Amino acid sequence: MGESPFWGPDFEQLSAEDPEIAGILLSELDRARGGLQLIASENFTSPAVLAALGSTLSNKYAEGYPGKRYYGGCAEVDKAEVIGIERAKQLFGAEHANLQPHSGASANLAAYGAFVKPGETVLAMSLPHGGHLTHGSKVNFSGKWFEVVSYGVREDTETIDYDEVRAIALQHRPRLIICGATAYPRLIDFAAFRQIADEVGAILMVDAAHFIGLVAGKAIPSPVPYADVVTFTTHKVLRGPRGGMVLCKAEHAAAIDKAVFPMMQGGPLMHAVAAKAVALKEAMSPDYQSYAAQVIRNAQALSAELAAQGMRPVSGGTDTHLALIDLRGVGVTGADAEVRCDAARITLNKNAIPYDPQPPTVGSGIRVGTPSVTTQGMGEAEMAVIGRLIGTAVTNPAAAAAVADEVSDLVARFPAYAQTPVGV
Ligand code: DSN
């Protein structure tokens with residue numbers, strides 16, 4: 001079957017037993033390596049993280065927490081979870097960490113479970129302005145079970161208006177205030193949110209999924225000193241396995257742990273917990289700090305080149321790993337741009353922009369992020385090339401094959417998983 005996407009000894013066995021699925025794993029590796037991956041919430045996790053994920057820890061039931069399990073035989077997985085918890089506390093300066101949430105949505109569900117009862121009021125950023133489904137969307141548990149009031153961004157600056165957030169909080173007196181977003185390119189003023197939460201007696205939750213890796217790499221300020229609880233995914237800039245995590249103040253530790261298990265989840269995925277521990281160790285290194293800083297420089301360079309291509313960065317640019325790009329100036333919808341880029345081997349996603357005249361299924365914008373291309377070793381010079389290629393792909397679909405050729409040349413110079421063993 002050629003190259004293996006695994007770092008264990010088992011790919012030949014999978015190929016023999018289930019060639020259909022083995023083939024898909026290889027094709028996906030080819031797809032990921034053969035194009036530019038610009039989805040802001042994705043990354044290429046390390047071989048060491050993948051090795052932990054593909055391990056026998058997947059077999060172990062371990063409901064409960066280290067030293068307090070509902071199953072025997074947990075001595076080894078206990079060690080992995082304790083190491084992970086200690087690393088998370090050290091890396092983020094947190095008083096308590098829970099590594100068990102299966103995903104970011106699960107981590108958020110646990111935070112709601114710990115702090116609010118159904119019917120109580122929550123204040124969060126609206127999804128069309130860059131929030132998240134779990135921040136009160138009517139189709140999500142958050143919008144169905146809680147009274148959610150929303151804030152957005154100003155139409156003129158396209159940034160959060162903290163006076164508006166405060167006014168809404170004073171009017172509605174939420175029990176929980178959430179900040180954090182999926183399509184907000186600017187830094188969030190956590191101190192301002194803390195002040196508003198204190199003024200109305202609310203718990204402050206920071207959904208840091210998108211930017212926690214930049215915090216880990218000390219490239220942007222941390223929400224940890226300000227928030228009662230910080231939730232996040234581990235697979236974005238942080239470059240760990242797919243999964244979730246919660247950090248909180250010591251006073252909330254018992255409530256968070258009970259909300260994760262047994263309120264919201266059963267058995268933790270111990271292979272994922274171990275893989276999170278590996279990623280946390282990697283994130284403590286000076287190399288990772290250089291990576292995080294480069295992710296931001298790359299996003300700024302990409303955003304600037306897209307602006308030069310006539311594609312307007314929402315809010316005028318970015319302070320983080322992502323840029324939200326308004327395509328109305330080039331007369332192409334987000335949905336069409338996504339398809340056109342895909343044809344040129346550039347993977348990104350359509351996105352609503354603030355005050356978008358288009359429905360969310362179409363969108364007037366695209367979101368681009370630099371975690372993956374930075375992991376591949378690309379820098380600002382390559383971002384300028386990528387910005388030009390996106391400009392051509394979006395505005396001239398007839399050039400898709402020519403753009404795809406340039407993309408192939410570029411990714412060949414910066415291969416993802418260059419160390420993948422062959423024929424394992
Ligand atoms: N789906 C993630 C993103 O792409 O931002 C958020 O959960």
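Our subject is the structure that appears above.
Here the residue numbers are simple positions, counted from 1 along each chain's written sequence. Selection of residues for local features in this predicted model requires a pLDDT of at least 70, selection of side-chain atom pairs for listing and counting requires 80 or more, and totals for whole chains, interfaces and linings are taken over all residues. Heavy atoms from the whole structure form the basis of all side-chain values; hydrogens and water molecules are not counted.

Visitor: I tried to follow unusual backbone geometry on my own but got confused; where do I start?
Guide: Backbone geometry follows two general trends: most residues other than glycine have a negative phi, and most peptide bonds adopt the trans configuration. The omega torsion of the bond from phenylalanine 261 to proline 262 falls at 15°, within 30 degrees of zero and hence cis. Each helix is a run of H or I in the DSSP string that is no shorter than four residues. Each strand is a run of E no shorter than two, and both are numbered from the N terminus. Positionally, proline 262 belongs in helix H10 (residues 253-264). Notably, glutamate 158 is not glycine yet its phi reads approximately 60°, a positive angle. Locating glutamate 158 in the fold gives a position in the loop between strand E6 (147-151) and helix H7 (162-172). Three labels apply to residues, based on accessible area from a 1.4 Å probe with only protein chains included: buried if under 20% of the type maximum, exposed if over 50%, partly exposed otherwise in between. Judged by relative accessible area, which is 9%, glutamate 158 ranks as buried. Here the phi dihedral of arginine 239 falls at roughly 70°; this positive angle occurs in a residue that is not glycine.

Visitor: Whenever I open this one, the packing of aromatic side chains confuses me. Can you help?
Guide: Pairing of aromatic rings covers Phe, Tyr and Trp, the last through its six-membered ring, and needs centres within 6.5 Å; plane angles under 30 degrees mean stacked, over 60 mean edge-to-face, and all others mean tilted. In total, this model carries twelve aromatic pairs according to the counting rule given. Between tyrosine 65 and phenylalanine 261 the ring centres are 6.4 Å apart and the planes differ by 75°, which places this aromatic pair in the edge-to-face class. Within this pair, whereas tyrosine 65 is found in strand E2 (residues 64-65), its partner phenylalanine 261 is found in helix H10, the two being separated by 196 residues in sequence. A relative accessible area of 13% means that tyrosine 65 is categorised as buried. The exposure class of phenylalanine 261 is buried, given its relative accessible area of 10%. Through successive ring pairs, a cluster of aromatic residues spans Tyr112, Phe141, Trp145 and Phe146. The side chain of arginine 239 reaches across the aromatic face of tyrosine 291, ending 4.0 Å from its centre. Lysine and arginine charges are scored as sitting over a ring when NZ or CZ, respectively, is within 6 Å of the ring centre and within 35 degrees of the ring normal.

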